[in-house]
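Understanding the architecture of this molecule
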Amino acid sequence: MRFNVYSRYEIDVEQRGGRWEVFRRGDGVRRPADVLIPHDLPEAAVVGFLEDLLHEEARSGTSIRRVD
């Protein structure tokens, strides 16, 4: 899953080996992001979790939205 985070940057969230892995995208490169998502969190709840975790980065009129 790819998410646009408050129109600031994009992250990829993938489930591998029973756990979530998060990568920050930029300039054609992906690097591990400093975001930990509980392994048992269902896919449908990921965006809400990210909003709770990253809300301090929000700007007026922006949101975290899935882009893929």
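First, a word on what this report is: a plain description of the structure on this page. (Residues numbered from 1 in each chain as written. Predicted model: local features only at pLDDT ≥ 70, side-chain atom pairs only at ≥ 80, totals over all residues. Heavy atoms only, no water.)

**Details of the packing of aromatic side chains**
For any two aromatic rings, the description comes down to two numbers: the centre-to-centre distance and the angle of the planes. Throughout the structure, instances matching the rule amount to zero aromatic pairs. Across from the ring centre of Tyr 9, 3.7 Å away, lies the NZ or CZ of Arg 24, which sits over that ring. The ring of Phe 23 carries Arg 30 above its face, with NZ or CZ at 4.1 Å from the centroid. (Phe/Tyr/Trp six-rings, centres within 6.5 Å; stacked < 30°, edge-to-face > 60°. Lys NZ or Arg CZ within 6 Å of the ring centre and 35° of its normal.)

**Observations regarding the sheet that holds strand E5 (residues 64-66)**
An order of E4-E3-E2-E1-E5 is seen for the five strands of this open sheet, with the pairing classed as antiparallel. Edge strands, defined here as strands with exactly one partner in the open sheet, are strand E4 (29-32) and E5. With direction set aside, neighbouring strand axes in the sheet form an average angle of 30°. Where strand E1 (residues 2-5) lies against E5, three bridges are found, and the strand directions are antiparallel. Residue pairing in the sheet places Asn 4 in a bridge with Arg 65 of E5. (Pairing = 2+ DSSP bridges. Helix = DSSP H or I, 4+ residues; strand = E, 2+ residues; numbered from the N terminus. Axes fitted to C-alpha atoms, helices over the stretch in contact; angles between N-to-C directions.)

Nothing here speaks to function; it is geometry throughout.
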